[in-house]
Amino acid sequence: MLVWKIVWVGIAMYLGVASLSGGEAAIAATLGHLIWTLPASMFLYFHNFEWMGESFQTSTFHFFGMAITNLAAYLFWFNVFPWLSRRLDHLKNRWMR
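Presented here is a report on the structure given in the accompanying data block.

Definitions and cut-offs
Within each chain, residue numbers correspond to sequence positions counted from 1 in written order. Local features in a predicted model are, by the rule used here, given only for residues with pLDDT of at least 70; side-chain atom pairs are given and counted only at 80 or more, and totals for whole chains, interfaces and linings are based on all residues. Hydrogens and water are ignored here; the side-chain numbers use all heavy atoms of the structure. The secondary structure listing takes helices from DSSP runs of H or I that are at least 4 residues long and strands from runs of E that are at least 2 residues long, numbered from the N terminus. By this rule the span expected of a helix is its residue count minus one, scaled by 1.5 Å. Per-residue accessibility, obtained with a 1.4 Å probe over protein chains only, is compared with the maximum for each type, and a residue is labelled buried under 20%, exposed over 50%, and partly exposed between these values. Note on definitions: a residue-residue contact is assigned when non-hydrogen atoms from the two residues lie within 4.5 Å. Here the arc refers to the directions that run from the helix axis out to each C-beta atom. Interaxial angle, 0 to 180 degrees, is taken between N-to-C directions of lines fitted to C-alpha atoms, where a helix line uses only the stretch in contact. Working rule for angles: under 35 degrees goes down as roughly parallel, over 145 as roughly antiparallel, 65 to 115 as roughly perpendicular, anything else as oblique. We call a crossing left-handed when the near helix sits turned anticlockwise from the far one by less than a right angle, and right-handed when that turn is clockwise. Under this grouping Gly is polar, as are all residues other than the nonpolar Ala, Val, Leu, Ile, Met, Phe, Trp, Tyr, Cys and Pro and the charged Asp, Glu, Lys and Arg. Residues forming no salt bridge and having over 30% relative accessible area are the ones grouped into patches, like charges within 9 Å of each other and nonpolar side chains (Val, Leu, Ile, Met, Phe, Trp, Tyr) within 5 Å. Areas reported as accessible are Shrake-Rupley estimates using a 1.4 Å probe. Residue values count occlusion only from the protein chains shown. Salt bridges are defined by distance alone: a side-chain nitrogen of Lys or Arg within 4 Å of a carboxyl oxygen of Asp or Glu. Centres within 6.5 Å make a pair out of two Phe, Tyr or Trp rings, where for Trp the six-membered ring is used; the pair is then stacked when the planes are under 30 degrees apart, edge-to-face when over 60, and tilted otherwise.

**Considerations on helix H1 (residues 2-18)**
Step number 1: Across its 17 residues, H1 extends 24 Å between first and last C-alpha, which sits within 8% of the 24 Å expected from 1.5 Å per residue.
Step number 2: Buried residues of H1: Trp8, Ala12, Leu15, Gly16 and Ala18, and no others.
Step number 3: The elements touched by buried residues of H1 are helix H2 (24-36) and helix H5 (58-96).

Put into structure tokens, the structure is as follows:
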């Protein structure tokens, strides 16, 4: 499981940094980063984009936005999702008795 977490973080960081590079590759990397870090990326990019864009400079906004998105997605996929899955499995087994 630790190897999967390290690989996941590595891919998320690579896509995040590649999305800042510019050009057509950045468009593909941004799309990959959005998909890789779902659902946190959708919430943070589309819900907080205006507020963060007004509050920070562009370079700072992109760097911290990427870091916050990666952290939120990591917490979702490796903490919240497994807890929710176990909880739903427990409820299903309890209901099936």
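Here the narrative resumes, following the displayed structure.
**Topic: H2**
Step number 1: The end-to-end C-alpha distance of H2, which contains 13 residues, comes to 18 Å, matching closely the 18 Å that a straight helix rising 1.5 Å per residue would cover.
Step number 2: For H2, the set of buried residues is Ala26, Ala29, His33 and Leu34. Buried positions in H2, seen along its axis, are confined to an arc of 140° and lie on one side of it. Along H2, the residues that are exposed and aim more than 90 degrees away from the buried face are Glu24, Ile27, Ala28, Leu31 and Ile35.
Step number 3: Those residues of H2 that are buried are in contact with H1, helix H3 (40-47) and H5.

**Considering the packing of H1 against H5**
Helices that pack against each other are described as a pair by the angle of their axes relative to one another and the distance between those axes.
Step number 1: Where H1 contacts H5, the two axes come as close as 10 Å, and the packing angle between them is 155°. What the angle tells us is that H1 and H5 run roughly antiparallel. Seen along the crossing, H1 lies across H5 with a hand that is right-handed. Note on element contacts: H5 touches H1 through Met66, Asn70, Ala73, Tyr74, Trp77 and Phe78, opposite Trp4, Lys5, Trp8, Val9, Ala12, Met13, Gly16 and Val17.
Step number 2: Here the residues of the contact of H1 with H5 sort into 11 nonpolar, two polar and one charged.

**Here we look at a nonpolar patch on the surface**
Step number 1: Where nonpolar side chains cluster on the molecular surface, the patch consists of Met1, Val3, Trp4, Val7 and Ile11 and spans about 500 Å² of accessible area.
Step number 2: Examined against the element boundaries, Trp4 turns out to sit in helix H1.
Step number 3: Look at Trp4 and you get partly exposed, because its relative accessible area is 43%.

**Considerations on the packing of aromatic side chains**
Step number 1: Overall, the coordinates contain nine aromatic pairs when judged by the stated rule.
Step number 2: With a centroid separation of 6.2 Å and an interplanar angle of 45°, the aromatic rings of Phe76 and Phe81 are classed as tilted.
Step number 3: In textbook terms, an aromatic cluster arises when at least three aromatic residues are bridged by ring pairs, as seen for Trp4, Trp8, Trp36, Tyr74 and Phe78.

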